[in-house]
Amino acid sequence: MGVLMSKKQSVDKVQKCTAVVSAFQSGIKDRAAVVKQAEGDTEDRDVPTQTSTGDEEKSAEDGKGGETESGSGPSGPSASVNQEAWSRLRDGKGVEPEDLEKSHQLTPPAYVRPKREADDDQPLEVELAKKEQPKSDEMCDVCEVWTADDLYPCRICTRVFHDGCLRELGYLRAEALQEMRDTAHTVTGWSCYYCDNLNLLLTDEEMYSLMETFKQCKIIPESCLVSDELLQYHHFVSKQQFDKDLTDEQEEEVLAQFAALDPDKKGHIEWSDFLYFESLAVLRKFRTENSLVRLLTAKERDAARLVFLGLDLDEDGLITRAECRQAQQSWFNKLMHKMRATAHGRYFLNDFLRESSIYILAARPNSTAMHIRLPL
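Residues numbered from 1 in each chain as written. Predicted model: local features only at pLDDT ≥ 70, side-chain atom pairs only at ≥ 80, totals over all residues. Heavy atoms only, no water.

S.K.: How do you make sense of the confidence of the model for the protein chain when you look at a structure like this?
M.R.: Detailed reading of the predicted model is not advised wherever pLDDT is low. In the predicted model, the protein chain carries a mean pLDDT of 76, and 68% of its residues have values of at least 70. When the elements of the protein chain are averaged for pLDDT, helix 2 (residues 49–70) gives the smallest value, 43, and helix 11 (residues 289–293) the largest, 96. Ignoring residues within four places in sequence, the model shows residues 42–75, a span with pLDDT below 50, making three contacts including any to other chains. Low confidence marks residues 94–104, where pLDDT is under 50. Its contacts with residues over four positions away, or in another chain, come to 27 contacts. (pLDDT = per-residue confidence, 0-100. Helix = DSSP H or I, 4+ residues; strand = E, 2+ residues; numbered from the N terminus. Contact = heavy atoms within 4.5 Å.)

S.K.: Looking at this structure, I do not really get the packing of helix 12 (residues 298–311) against helix 14 (residues 349–362). What am I missing?
M.R.: Running from amino to carboxyl end, helix 12 crosses helix 14 at an angle of 120 degrees, the nearest separation of the two axes being 11 Å. With respect to each other, helix 12 and helix 14 are oriented oblique. Considering only the axes of helix 12 and helix 14, their crossing is right-handed. Residue-level contacts link Glu 300, Ala 304, Arg 305, Val 307 and Phe 308 of helix 12 to Leu 349, Phe 352, Leu 353, Ile 360 and Leu 361 of helix 14. Among the residues making up the contact of helix 12 with helix 14, the classes are represented as eight nonpolar, no polar and two charged. (Axes fitted to C-alpha atoms, helices over the stretch in contact; angles between N-to-C directions. Parallel < 35°, antiparallel > 145°, perpendicular 65-115°, else oblique. Left-handed = near helix turned anticlockwise from the far one by under 90°. Nonpolar A, V, L, I, M, F, W, Y, C, P; charged D, E, K, R; others polar.)

S.K.: Whenever I open this one, the nonpolar core confuses me. Can you help?
M.R.: General note: in soluble globular proteins, nonpolar side chains tend to be found buried as a group. Counting residues in hydrophobic clusters, the biggest one holds 52 residues, and the most contacted among them are Phe 214, Phe 274 and Phe 352. Those residues in contact with Phe 274 that lie beyond four places of it in its chain are Phe 214, Ile 219, Leu 225, Leu 230, Tyr 233 and Ile 269. The next biggest cluster of nonpolar side chains, apart from the first, holds 23 residues, and it includes Tyr 152, Ile 156, Cys 165 and Tyr 194. (Core = buried A, V, L, I, M, F, W, Y, C linked by side-chain atoms within 4.5 Å. Buried < 20%, exposed > 50% of the residue type's maximum accessible area, 1.4 Å probe, protein only.)

S.K.: It is not clear to me how the pattern of salt bridges should be interpreted in this structure. Could you clarify?
M.R.: Working definition: two side chains of opposite charge can pair if their charged atoms are close together. What the rule picks out here adds up to 14 salt bridges. Arg 287 is paired through a salt bridge with Glu 206; the nearest N and O atoms lie 2.7 Å apart. Separated by 81 residues along the polypeptide, Arg 287 in the loop between helix 10 (271–286) and helix 11 and Glu 206 in helix 7 (residues 204–216) bring together distant segments of the chain. Judged by its relative accessible area of 8%, Arg 287 falls in the buried class. The shortest N-O distance in the salt bridge between Glu 355 and Arg 321 comes to 3.8 Å. Residue Glu 355 is located in helix 14, and its partner Arg 321 is located in helix 13 (residues 321–333); the two are separated by 34 residues in the primary sequence. (Salt bridge = Lys/Arg side-chain N within 4 Å of Asp/Glu carboxyl O.)

What follows is the structure, encoded as structure tokens:
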């Protein structure tokens, strides 16, 4: 694990570090031992199977009785789970972390939604010749321990993480953890759970507006959507906002959106991808371009500056509109393909950032789904 250092060089912090490292080393072994011991105890007691079955039948009968007393509609437990899902959505916690019953479970961090500042709509001037080059943090954002090469950086912000800490938080599944290990130190990079979740960019007021729309459309949080459900949702939104149904052409656009959100052709779109797409739509509706530029991190501004300079072949500080469109699409394929532009219109860096910021934000998630319609 390397040399452990505390942020304040205090004994308490060192003890905390030791506890975390100990959890990584013995957590899985301890859980396996507990399970095996529990199985052994069960065999020793030799409890008749009928007793357990009887208890289960009795519990089921009690549950049915509770449903009857509560009247028509969703059952008590179902309604409770649904309410918890809405609460997680409101508080920006996303999908409920899996495997919560862990012997060394760490506490997920609290999140406070952002607030609009007084100067939020004012232009933010970014210098073309001055790179910001922000350095990644030295200590894990979860346990505040430094362990050299064992830390994985976020490509959007300056946070770094231990894979063990993320596993203990329960935010990432096994395949997501492996993706982080494979990409975090490459050119492609990896987005941490803060930056990956575009919904966390919404204010309380914006989130309330989105949640009300979901509730009116009977959208169930944390559930997948098929194409008919997405069409029904957009029909409702069109009725609500414009007092008319979708046209045939608009329905085709919705189905094209569905295909972009389902790149693996599974026949449904994941809840997180649908939520991110709708969150970007809210940002586009309520925020100005200047406000969106202020959402970009220093790493994203540096990346945009590098793309701009790559397109500015004559080094006059200007690029064409076609080159700007090309760059906006490049955020999603991670590769820059040179092209000759013939379109009219010229962009300085700050013009480029204002028009491209929504696409830069849309490229944050690790998912391969397309969370925004690309410019033509």
